Amino acid sequence: MGVFDRLPPMDHLRSEKMCFVQLIIPAESARVAVTYLGELGLLQFKDSNEDKSPFQRIFVNQVKRCAEMARKLRFFSDQINKAGVRSSVRPALEPDIDLEELEARLGEHEHELLEMNTNSDKLQQTYNELLEFKLVLTKAGGILASSHNHAASAERELDENIYDREVDEGNAYLLEQGVHQGSSGNSGVRFVSGIILKSKALAFERMLFRATRGNMLFNQAPAGEPVTDPISGEEVEKTVFVVFFSGEQAKAKILKICDSFGASCYPVPEEMIKQRQIFNEVSARLSDLEVTLDAGIQHRNKALESVGSQLWRWTIMVKKEKAVYDTLNMLNFDVTKKCLVGEGWCPIFAKSQIKDCLQRATLHSNSQVGIIFHEMDTLESPPTYFRTDKFTNAFQEIVDAYGVARYQEANPAVYSVVTFPFLFAVMFGDWGHGICLLLGALVLILREKKLSSQKLGSFMEMAFGGRYVILLMAIFSIYCGLIYNEFFSVPFHIFGKSAYECREKSCSDAHTAGLLKVRDPYPFGVDPSWRGSRSELPFLNSLKMKMSILMGVAQMNLGIVLSYFDARFHGNALDIRYQFIPQMIFLNSLFGYLALLILIKWCTGSQADLYHVMIYMFLDPAGDLGENQLFWGQKELQILLLLMALVAVPWMLFPKPFILKKLHKERFQGHTYRFLGTSEMDPDSEPDSARARHDDFNFSEVFVHQMIHSIEFVLGAVSNTASYLRLWALSLAHSELSTVFYEKLLLLAWG
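All values reported here derive from a predicted model rather than from experimental measurement. (Residues numbered from 1 in each chain as written. Predicted model: local features only at pLDDT ≥ 70, side-chain atom pairs only at ≥ 80, totals over all residues. Heavy atoms only, no water.)

**Regarding the environment of Phe495**
Looking at the element boundaries, Phe495 is found in the loop between α15 (467-484) and β12 (500-502). Judged by its relative accessible area of 34%, Phe495 falls in the partly exposed class. For the pair Phe495 and Asn485, spaced 10 residues apart in sequence, the C-alpha to C-alpha distance is 10.0 Å. In this structure Phe495 touches Tyr522, Pro523 and Phe524, once residues within four positions along its chain are discounted. (Helix = DSSP H or I, 4+ residues; strand = E, 2+ residues; numbered from the N terminus. Buried < 20%, exposed > 50% of the residue type's maximum accessible area, 1.4 Å probe, protein only. Contact = heavy atoms within 4.5 Å.)

**Observations concerning the UniProt feature "transmembrane region" (unreviewed entry) in the protein**
The positions that UniProt labels "transmembrane region" (unreviewed entry) are, in the present scheme, residues 422-446, 467-484, 547-565, 585-602 and 637-654. From the first C-alpha to the last, residues 467-484 spans 25 Å; its make-up is 100% helix and 0% strand. Annotated as residues 585-602, this span is 100% helix and 0% strand, and its ends, taken at the C-alpha atoms, are 24 Å apart. (UniProt positions renumbered as here; feature names shortened; annotations may be inferred.)

**Overview of the UniProt feature "coiled-coil region" (unreviewed entry) in the protein**
Sites flagged by UniProt as "coiled-coil region" (unreviewed entry) map to residues 99-126. Within residues 99-126, the helical portion is 100% and the strand portion 0%, while the C-alpha atoms at the span's ends are 40 Å from each other.

**Thoughts on the nonpolar core**
Within the largest apolar cluster, 60 residues are counted, with the highest numbers of intra-cluster contacts made by Val426, Phe586, Leu587, Tyr593, Leu597 and Met617. At 13 residues, helix α17 (residues 573-604) tops the list of elements feeding residues into this core. Contacts of Tyr593, omitting those with residues within four sequence positions, involve Asn588, Val613, Met614, Met617, Phe631, Gln634, Leu637, Gln638 and Leu641. (Core = buried A, V, L, I, M, F, W, Y, C linked by side-chain atoms within 4.5 Å.)

**A look at the packing of aromatic side chains**
All chains considered together, the criterion is met by 29 aromatic pairs. Above the plane of the ring of Phe569 lies Arg14, whose end atom (NZ or CZ) is 4.1 Å from the centre. The aromatic ring of Phe349 is capped on one face by Arg387, whose charged end is 3.8 Å from the ring centroid. (Phe/Tyr/Trp six-rings, centres within 6.5 Å; stacked < 30°, edge-to-face > 60°. Lys NZ or Arg CZ within 6 Å of the ring centre and 35° of its normal.)

**A few points about a nonpolar patch on the surface**
Taken together, Val704, Met707, Ile708, Ile711 and Leu715 make up a surface patch of nonpolar side chains, about 440 Å² in accessible area. Checked against the element boundaries, Ile711 lands in helix α22 (residues 699-723). Classification of Ile711 as partly exposed rests on a relative accessible area of 46%. (Patch = residues over 30% accessible without salt bridge, like charges linked within 9 Å, V, L, I, M, F, W, Y side chains within 5 Å. Areas by Shrake-Rupley, 256 points an atom, 1.4 Å probe, with all protein chains shown as cover. Salt bridge = Lys/Arg side-chain N within 4 Å of Asp/Glu carboxyl O.)

**Observations concerning the side chain of Ser529**
Position of Ser529 among the secondary structure elements: in the loop between β13 (515-517) and α16 (536-569). Taking the relative accessible area as the measure of exposure, Ser529 reaches 15% and is therefore buried. A distance of 2.6 Å separates the side chain of Ser529 from the side chain of Ser498, its partner in a polar contact. Apart from the residues lying within four places of it in its own chain, the contact partners of Ser529 are Ser498, Tyr500 and Leu515. (Polar contact = N/O pair within 3.5 Å; in protein donor to acceptor, adjacent residues only side chain to side chain.)

The structure is reproduced here in structure tokens:
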């Protein structure tokens, strides 16, 4: 371990050292100070009002105002999206405004927009009703004209034939009553015309028939095209109807039924002249409404454009103000009610920057009293803060999505900068595809300033945030593609001639005849002669599968080595002896040995079956290996490694909990009686006091936690090694899909 002791400290690979600070801020400069600290982003306040509800805090009214303004901004955004208005990419430059002026302006815009929406909805409803009226005039006029023609022919027929006059007129048919009584008389046939949903027409007719006991005549005509409903505003299929009836009671029943079915009734005169006159009036009103609606829409779109040009800026402003007041709600007033007292965590390197911010806040708020900033001692565990830049921020967010490291723990994101894009490149190994990915990443990086000032969609925002991740993935994909020798699934002789040639000089390709090795192996990557040969798939399968296992074992060993540096940094010898050492032994006794066998097989060209070796290492450790023996003493080594792996499991499980219990008893034996003779000393004031620590140790919890950790490591070593085989599976799938695309689509298309 002396080599590790001589290594430089990994300060840049760990979270920043934190300190607990207290701020005493005068009330008049509190908002400005918190605003400046929020823009700096290096101070995390502790909530001093955890026992209070959000409505009991100091600045609850200001938070409500900001929430109301945020609601108005969301309303404007919804209206802009609904209207399809595109705001300018670069918003118009306007002078800065304060929160009160912004609140008044948002209220004016909302009132104006609501009024325009109300007027527009009323005009649109009137327009849709007139469209229905026009349609009813057209269709019902045709129905009435046909009924008049039918009535005239029936009258001639009745004059020529014998008609029984003794039939009661109340039981006569409606058409006959209309012929004899006249449609304009009080006792003659009347009608109601309107329009109804096509899906309700059949039920509507049945209800009319039952309500009038069949004493009605129902005529209908389909509208022919979807009609915009005046109430819902949706396009639906409707039917125009004309109901002939007799009597006032029947009329009242029919109108009630029309109302219950949602049918719209419109007055249609019998005379053709009046119908044409009303039709012309309706058409004129429709044309006037169209002009009015177009003018209203243009005026509304202009108002939305003016709002949309500043919407993003106003949204950021309101979010900042709400965050400021939410932070101020974490602070408390002092006894004099003139200062706010807050506590929080900050990195040690940021203390000078925070002091500069506080001085600027005091100066800009014209406060006569400065802000007091001093460091305090605490027993609480500090939060974790990693200093990142625009390059490493995306990698840190990827790691934090799985779990945030503890305070002063080694940062896995540093290693993920290389391992994450490289493992992607193992699956995406094609230098043609890698070039396409590289071009896309370069476009995002070169237009970085322009895109960072715009509001992007969800997909573009995700791609822009990970632009440097995509850049490294593209570079590593080109590298792995050169190793696989694939350019859109086509091999190239980039690094010289192939090591293989045809057996006969007459053969023209390597697909039909055997190959002979005539020169040294291909200098870099896979020999292009493997492409298209019979043994291509078995060769690439074996290569990529074994390569995935090697990478997985190497990365898992890296994680265990990092746990050693963490334990050494915190001075925890138990973790080194009873976690790091048995974990290294267990992992490398099984899967490290498998990686060693893969390397030996590659170097020697052996035909040994590694599946058989690993399976019978557990089933029959003392059995004869036969043809699967790769080196001398392999059987004895396998027995030794198997015993070491079996010993490593109880080594991880049992010693550490019992040693912790023993140390706890030795440390606090007799200390609980030390404070009985003195009344001046407070045992809770000491961080290592017996009363503060004695009840914290629970052997059963420690043992269960260690058992879970051990079982998780043993099972994870097996499952994680198998999970790395995804690299092989996805790499093979990507290669085969590219081949299918090239051969079955491009070649067939090009003939």
